[in-house]
Number of protein chains: 2
Amino acid sequence: MYAEIITIGDEILIGQIVDTNSAWMGVELNKIGVKVKQITSISDEASHIVEALDEAQKRADIILITGGLGPTKDDVTKITLAKYFNMPLRLDEVTLAHVKAFFDKLNRPMIEANIKQAELPDGCTVVMNKNGTAPCMWFENNGKIIVSMPGVPFEMKYLMQDEIIPRIQQRFKMPFIVHQTILTVGLGESFLAEQIADIEDALPSHIKLAYLPKLGLVRLRLSATGDNEQVLLIEVAHHTKKIVERVEKFVVLTEDVPFEKAILDLMGKHSLTLSLAESCTGGYISHLFTQHPGSSTVFQGGGVTYSNALKQSVLGVKEETLLEFGAVSEQTASEMALGAVANFKTDYAIAVTGIAGPDGGSEDKPVGTVWVAVASKQEVKAKMYKFASQRLQNIERSAMAAMMMLFLQLKQDLEIG
Amino acid sequence: MYAEIITIGDEILIGQIVDTNSAWMGVELNKIGVKVKQITSISDEASHIVEALDEAQKRADIILITGGLGPTKDDVTKITLAKYFNMPLRLDEVTLAHVKAFFDKLNRPMIEANIKQAELPDGCTVVMNKNGTAPCMWFENNGKIIVSMPGVPFEMKYLMQDEIIPRIQQRFKMPFIVHQTILTVGLGESFLAEQIADIEDALPSHIKLAYLPKLGLVRLRLSATGDNEQVLLIEVAHHTKKIVERVEKFVVLTEDVPFEKAILDLMGKHSLTLSLAESCTGGYISHLFTQHPGSSTVFQGGGVTYSNALKQSVLGVKEETLLEFGAVSEQTASEMALGAVANFKTDYAIAVTGIAGPDGGSEDKPVGTVWVAVASKQEVKAKMYKFASQRLQNIERSAMAAMMMLFLQLKQDLEIG
C-alpha cells in the first residue's frame with residue numbers, strides 16, 4: 001500500500017519554513033504498513049496542485065495533502081479540490097457551528113473569511129478538526145483516497161492520529177512493516193558496510209538494510225515487509241542479532257529512540273541524576289534532554305555558563321585555572337563538571353567548553369576545538385575533540401560527543417555490555 | 001527561471017530524518033532570482049529517480065538532486081544518472097586523488113567502496129567536493145542543468161555556495177526577486193488580512209503577499225519579481241510602508257532575521273547584557289540565542305533550574321516562596337528573574353517557569369500554565385500564559401512569549417517605537 005504526501009505552500013519552497021510534517025507522517029504511516037512513495041512540495045497554485053494530484057494518483061493509493069487551507073487569499077487548496085472533484089462549495093452547518101464555537105472559546109469575533117472556512121465541497125466527507133478552524137476533507141476517487149488537512153503541525157498531527165490513520169486502517173488491508181534500528185558509533189559508513197557485507201548480501205528480498213550516518217554515528221535500519229507480523233519480527237530479530245554480534249563493540253543501542261532518551265531511561269532505571277555545565281553548546285544539550293516528558297526525574301538542571309564570570313560563580317571554576325589554561329581546556333572542562341556535580345548535587349554531570357565559531361579561534365585552539373568532561377562523585381574524565389568550522393554543526397557534534405562520553409561512562413560504571 | 005529539488009533517500013520518506021536541505025536551498029536560490037517550483041522526495045530506486053527527473057525537466061530549467069551518493073549498496077543515484085545520460089562510468093583520477101588525500105588526512109585506510117566513489121559518468125562536469133568523498137556532478141541535457149550533490153548538509157551547503165550558485169549565475173540571466181518580511185504580533189491571520197485587504201487588492205501582479213503564522217506571530221511577506229532590482233526595492237518599500245502604517249501597533253520587525261537575533265542586535269547596540277533562568281523551557285531559549293555567532297557579547301549565560309533545589313541555590317528563590325506559591329507562580333518567576341539579574345550580573349534577565357506537560361498539571365494550574373518574568377536592575381514584570389497540552393509546542397510558545405515580553409520591555413526602556 002503506497003501513500004504520497006503533497007505539501008502546499010510557497011513558504012516551504014522559498015525556504016521560510018522547514019517541512020517537518022512529512023517526516024512525522026512518514027513515521028506514522030510506516031507503523032501501519034503504508035509506505036510513502038513520494039513527498040511533493042508545491043506552491044499555492046491551482047494548476048500545479050491539479051498536476052501533482054494527477055501524478056500522485058498514478059503511483060499511490062492514498063494521497064495526503066497538507067496546507068493551503070487558511071482563510072486568506074493565498075490559500076487555494078479547498079477551491080481547487082472542489083473544482084477537481086466537480087463538487088460545488090456549500091456552507092456546512094456543522095462546520096460553521098464548530099468554527100463559531102472555536103471563536104467563542106477564544107473570545108474573538110468572527111469575520112467573513114472565517115465563515116467562508118465552513119464552505120466545503122459538496123460530496124466530500126468532512127472530518128472535524130477539533131484543534132482549529134481549517135477543515136479536513138476526505139475524498140474518494142476511482143478507489144483512491146485523497147485527504148486534505150491543514151498544514152499547522154498541531155492540527156495535522158491530531159487529525160492523522162485520531163481520524164485519518166484509523167479510517168485508512170478500516171478501509172484497507174495492509175502488509176506489515178517491521179523496522180529495527182541499530183545505532184553504532186566509531187566506525188564509518190563504508191567500513192561498517194564492509195564488515196557486514198556478507199550478512200547484507202544474504203538478506204532475503206523482503207528485508208532491506210539502510211545506512212543512516214549522522215554526526216559521527218551510523219544508524220543501521222533493517223526493514224521487513226510481509227503479511228505475517230510475527231514472522232517478520234522473528235526474521236528481523238535474527239538478522240539484527242547477526243549484525244550486532246559482528247560489530248558488537250561499535251553498537252550503542254538497538255532501540256529506535258533518540259540517544260538522549262536512551263540515556264534518560266538508563267539513568268532513570270538506576271535512580272541516577274544528571275546536571276549539565278554548558279558553555280559552547282549554550283543550552284542545546286539541556287534542551288535535548290528536557291524535550292522528553294518525565295526528564296525531570298533524572299535531569300535536575302544546569303548552568304549555561306557562557307561567560308568566564310559565570311563559570312566561576314555558578315560552577316566554582318578557579319580564576320587561576322581560567323587564567324593559566326583558558327576557558328577551553330581540560331582543566332576548565334573538568335572543574336566545570338566537578339562543580340556541577342557538587343553545586344547541583346547530582347550523581348553525574350557533563351561539561352562542554354569549546355570554540356563553536358565562526359570566530360574566536362587561535363592557532364593553538366582553532367575553531368572547532370571542544371573539551372568535554374564527564375564527572376561523577378568519584379572521578380572526572382575529559383577529552384578533546386576537533387570539529388570543523390560550522391557553528392551549528394559544532395554545537396550538535398559537541399552535544400553528541402558529550403552524550404557518548406556519558407553513555408560509555410555509565411556503561412562502565414553500571415557494568416553493562 | 002525555475003528550479004526543482006529532488007531529494008533521494010528512503011530515510012526522508014520513512015521519516016527518520018527531516019529534510020532541512022531543501023529549505024536552505026530554497027532560500028539561496030531565491031536570493032539569485034531562481035524560483036523553486038517543486039521539491040520532490042523519493043526513494044533510492046532507479047526507476048523512480050528516472051521518472052522524477054523526466055517530470056522535473058518538464059517544469060524547470062535547473063534540477064538539483066541531493067542524496068544517494070554514499071559508498072553503500074543502497075545508494076544508486078550515480079549509476080542511475082550514468083545510465084540516464086548514457087555515459088559509462090570511468091575512474092576519474094583527479095577525484096581518486098582527492099578521495100585518497102581525504103582518507104590520508106583522517107588517517108584512515110581506504111576500502112574498495114571508497115575507490116568506487118571516484119568512478120564517474122564519462123561526460124559530466126565533475127565539481128570537486130572539498131568537504132567529503134561523495135562526488136558532485138553537473139550535467140547538461142537539452143538546455144537543462146542537472147546537478148547531483150551529496151545529501152550531507154555540510155557538504156551540500158559548501159557545494160551550493162562556492163560552486164553551484166556561481167555557475168548557475170554565470171550560465172543564465174535571471175530576474176530579481178525582492179522579499180520583505182513584516183513580523184507582527186497580537187492579531188490573528190484573518191484579522192490582519194481584513195485590516196489590509198485594500199492594500200493587498202491594489203498590489204500589482206508582480207508583487208505577492210503571503211501570510212506565515214507561527215506560534216502567536218504572523219509574518220507577512222511581500223515578494224516582488226522583475227528585471228530592475230532598484231525599482232523592485234522602491235516598490236516593495238512603498239507597499240511595506242503602507243502595511244506598516246496600517247497595522248503599526250502590531251508590527252515588531254521589518255527585517256527578515258529570527259526574533260532572538262533581533263533582540264541580540266538591539267541589546268548589543270545599547271551595550272546591554274542578558275541572562276536567563278529557564279525552568280520549563282529547559283535550555284531552549286539559551287539555545288536560540290547561542291545559535292547566533294557573536295551572541296556572547298550580550299548573552300552571558302543562565303541557569304536551567306529544572307529542580308526546585310536549583311531554583312534556590314542557583315537563583316536564590318526563597319524556600320517560603322516555593323512552599324507558599326509553588327514553582328509555577330508569579331512570585332517564583334519574579335524571584336527567578338531578579339535572582340538571575342543579581343547572580344549573573346546582567347542588565348536584563350528572563351525567567352520562565354511552567355508546566356510543559358503532558359503530566360504535572362492540576363486543576364488550579366493545568367498543563368500549559370506558564371509564568372514569564374522579565375527583570376532589569378530597576379524592576380520586574382511577570383505575566384501568565386495559558387498554552388495547550390503539547391509539550392514541545394508549550395516550550396516553543398513559552399520561548400516566544402518570553403522573548404516578546406523582553407522585546408516590549410526593551411522598547412519601552414529604550415523609548416523606541
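What you see is a predicted model, and the numbers here were worked out from it, not measured in a lab. (Residues numbered from 1 in each chain as written. Chains lettered and ligands numbered in written order. Predicted model: local features only at pLDDT ≥ 70, side-chain atom pairs only at ≥ 80, totals over all residues. Heavy atoms only, no water.)

### Brief notes about the overall build of chain A
When its secondary structure is counted, chain A shows 16 helices and 17 strands. Considered along the principal axes of its C-alpha atoms, chain A spans approximately 75 × 60 × 40 Å. Within chain A, the proportion of its 417 residues that are buried is 59%. Taking as baseline every contact in chain A between residues at least 6 positions apart, the subset at least 24 positions apart corresponds to 68%. When the accessible area of chain A is evaluated, it comes to approximately 17200 Å², of which 51% is carbon and sulfur surface. (Helix = DSSP H or I, 4+ residues; strand = E, 2+ residues; numbered from the N terminus. Buried < 20%, exposed > 50% of the residue type's maximum accessible area, 1.4 Å probe, protein only. Contact = heavy atoms within 4.5 Å. Areas by Shrake-Rupley, 256 points an atom, 1.4 Å probe, with all protein chains shown as cover.)

### Things to note about the relation of the copies chain B and chain A
The transformation that overlays chain B on chain A combines an axial shift of 0.1 Å with a rotation of 180°, and the residual RMSD is 0.1 Å. This pairing of chains is accounted for by a two-fold axis. Mapped onto chain A, 100% of the interface residues of chain B are again interface residues, and the two copies thus contact each other with one and the same surface. (Least-squares fit on C-alpha atoms with pLDDT ≥ 70 in both.)

### Quick look at the sheet that holds strand E7 (residues 136-141) of chain B
Taken together, twelve strands build an open sheet; the order of strands is E6(A)-E7(A)-E8(A)-E3(A)-E1(A)-E2(A)-E2(B)-E1(B)-E3(B)-E8(B)-E7(B)-E6(B) and the sheet is mixed. Single-partner strands in this sheet number two, and they are strand E6 (125-127) of chain A together with strand E6 (125-127) of chain B. With direction set aside, neighbouring strand axes in the sheet form an average angle of 15°. Strand direction decides the pairing type here: strand E1 (residues 2-8) of chain B and strand E3 (residues 62-66) of chain B, joined by five bridges, are parallel. For Ala3(B), the partnering residue across the bridge sits in E3(B) and is Ile62(B). Lying over the sheet, helix H4 (residues 77-84) of chain A contacts strand E1 (2-8), strand E3 (62-66), strand E7 (136-141) and strand E8 (144-149) of chain A, oriented at roughly 25° with respect to E7(A). (Pairing = 2+ DSSP bridges. Axes fitted to C-alpha atoms, helices over the stretch in contact; angles between N-to-C directions.)

### Thoughts on the nonpolar core
Residues Phe259(A) and Phe259(B) are the most contacted members of the largest nonpolar core, which totals 86 residues. When neighbours within four sequence positions are excluded, Phe259(A) is seen to be in contact with Leu183(A), Val252(A), Leu253(A), Met400(A), Met403(A), Met404(A) and Phe407(A). Counting residues in hydrophobic clusters, the runner-up holds 40 residues, among them Phe344(A), Ala351(A), Leu310(B) and Met336(B). (Core = buried A, V, L, I, M, F, W, Y, C linked by side-chain atoms within 4.5 Å.)

### Quick notes on the pattern of salt bridges
Taken as a whole, this structure holds 26 salt bridges over all chains when the rule is applied. Taken together, the shared-partner salt bridges in this structure form one network comprising Glu4(A), Arg59(A), Glu51(B) and Glu55(B). (Salt bridge = Lys/Arg side-chain N within 4 Å of Asp/Glu carboxyl O.)

### Description of the domain arrangement of chain A
Residue and element names in this part refer to chain A. According to the domain assignment, chain A contains domain 1 (2-171), domain 2 (176-253) and domain 3 (259-413). Summarising the inter-unit geometry, the C-alpha centres of domain 2 and domain 3 are found 31 Å apart. Both faces considered, domain 2 and domain 3 share a buried interface measuring about 720 Å² in area, 79% of it formed by carbon and sulfur atoms. On inspection of domain 2 and its partner domain 3, the count reaches zero residue pairs in polar contact (both at pLDDT 80 or more). The greatest single-element share of the side of domain 2 that touches domain 3, amounting to three residues, is contributed by strand E12 (residues 251-253). Looking at the side of domain 2 that touches domain 3 residue by residue, the class counts come to seven nonpolar, one polar and no charged. (Domains from an automatic or database assignment. Buried area = accessible area lost by both parts, 1.4 Å probe. Polar contact = N/O pair within 3.5 Å; in protein donor to acceptor, adjacent residues only side chain to side chain. Nonpolar A, V, L, I, M, F, W, Y, C, P; charged D, E, K, R; others polar.)

### Looking at the sheet that holds strand E10 (residues 207-214) of chain B
Residue and element names in this part refer to chain B. Read from one edge of the open sheet, four strands run E10-E11-E9-E12, paired in antiparallel fashion. Edge positions in the open sheet fall to E10 and strand E12 (251-253), since each of these has one partner strand only. Each strand axis lies, on average, 30° off the axis of its neighbour in the sheet, ignoring direction. Two elements, E10 and strand E11 (residues 217-226), share eight bridges in a ladder whose sense is antiparallel. Bridging across to E11, Leu209 finds its partner in Leu222. Together, strand E9 (176-185), E10, E11 and E12 form the strand contacts of helix H10 (residues 229-246), whose direction differs from that of E9 by roughly 15°.

### Overview of the UniProt feature "domain: MoaB/Mog" (unreviewed entry) in chain A
Mapped onto the present numbering, the UniProt feature "domain: MoaB/Mog" (unreviewed entry) falls on residues 4-171 of chain A. Strand forms 23% of residues 4-171 of chain A and helix 45%; the C-alpha atoms that close the span are 17 Å apart. (UniProt positions renumbered as here; feature names shortened; annotations may be inferred.)

### So, the interface of chain B and chain A
Residue-level contacts link 90 residues of chain B with 90 residues of chain A. When the two sides are added together, the surface that chain B and chain A hide from each other amounts to roughly 7100 Å², 58% of it contributed by carbon and sulfur. At the boundary of chain B and chain A, one finds six salt bridges. The salt bridge partner of Glu51(B) is Arg59(A), with a shortest N-O separation of 2.8 Å. Connecting chain B to chain A are 27 residue pairs in polar contact (both at pLDDT 80 or more). Pairing analysis gives five bridges linking strand E14 (residues 299-305) of chain A to strand E14 (residues 299-305) of chain B, with the strands arranged antiparallel. Across the sheet, the residue bridging to Thr305(A) is Gly301(B), located in E14(B).

### Topic: H4(A)
Along H4(A), the residues classified as buried are Thr77(A), Lys78(A), Thr80(A), Leu81(A) and Ala82(A). The first or second residue beyond H4(A) is Asn86(A), which carries a positive phi of 55°.

### A few points about the pairing of strand E2 (residues 35-42) of chain A
When you tally the buried positions in E2(A), you get seven out of eight residues, the bulk of the element. Bridging between E2(A) and strand E2 (residues 35-42) of chain B involves five bridges; their strand directions are antiparallel. By the bridge assignment, Ile39(A) is partnered in E2(B) with Ser41(B).

### Concerning the packing of aromatic side chains
Residue and element names in this part refer to chain B. All told, the structure shown has twelve aromatic pairs over all chains when counted by the stated rule. Taking 6.0 Å as the distance between ring centres and 20° as the angle between the ring planes, the aromatic pair formed by Phe289 and Phe299 counts as stacked. Taken as a pair, Phe289 in helix H12 (residues 284-290) and Phe299 in strand E14 lie far apart in primary sequence, ten residues in all. Here Phe289 and Phe299 have matching classes, each one buried. (Phe/Tyr/Trp six-rings, centres within 6.5 Å; stacked < 30°, edge-to-face > 60°.)

### Quick notes on the packing of helix H3 (residues 46-59) of chain A against H4(A)
All names here are of chain A. Across the interface, H3 lies against H4 with an axial gap of 10 Å and an inter-helix angle of 60°. As judged from the angle between their axes, H3 and H4 are oblique. Crossing geometry of H3 relative to H4 is assigned as right-handed. Here Ala46, Ile49, Val50, Leu53, Asp54 and Gln57 of H3 lie close against H4, whose contacting residues are Thr77, Thr80, Leu81 and Tyr84. Per-class residue counts for the contact of H3 with H4 are six nonpolar, three polar and one charged. (Parallel < 35°, antiparallel > 145°, perpendicular 65-115°, else oblique. Left-handed = near helix turned anticlockwise from the far one by under 90°.)

### As for the side chain of Glu28(B)
With respect to the helices, strands and loops of the structure, Glu28(B) is situated in helix H2 (residues 21-31). When near neighbours in sequence (up to four residues on either side) are disregarded, Glu28(B) contacts Gln161(B) and Ile165(B).

### A word on helix H13 (residues 308-315) of chain B
All of the buried residues along H13(B) are Leu310(B), Lys311(B), Val314(B) and Leu315(B). Seen along its axis, H13(B) keeps its buried residues to an arc of 105°; they face one direction. Structurally, H13(B) contributes buried residues whose contacts are with E14 of chain A together with strand E13 (274-278), E14, helix H14 (319-325), helix H15 (330-343) and strand E15 (348-354) of chain B. Positive phi shows up at Gly316(B), right after H13(B), with a value of about 75°. (Arc of directions from axis to C-beta.)

### A word on unusual backbone geometry
All names here are of chain A. The peptide bond linking Gly357 to Pro358 adopts the cis configuration, its omega dihedral lying at 0°. Positionally, Pro358 belongs in the loop between strand E15 (348-354) and strand E16 (369-376). Positive phi values are uncommon outside glycine, yet Asn86 reaches one of about 55°. Positionally, Asn86 belongs in the loop between H4 and strand E4 (89-91). Relative accessible area serves as the criterion here: at 69%, Asn86 is assigned to the exposed category.

### Points about the packing of helix H11 (residues 259-269) of chain A against helix H16 (residues 391-413) of chain A
All names here are of chain A. Following both chains from N to C, one finds H11 and H16 inclined at 30°, their axes separated by 10 Å at the closest point. As summarised for this structure, H11 and H16 are arranged roughly parallel, according to the angle between their axes. Regarding H11 and H16, the two cross each other, and that crossing is left-handed. The segment H11 lies against H16, with Phe259, Glu260, Ile263, Leu266 and Met267 engaging Met400, Met403, Met404, Leu406, Phe407 and Leu410. Here the contact of H11 with H16 is composed, by residue class, of ten nonpolar, no polar and one charged.

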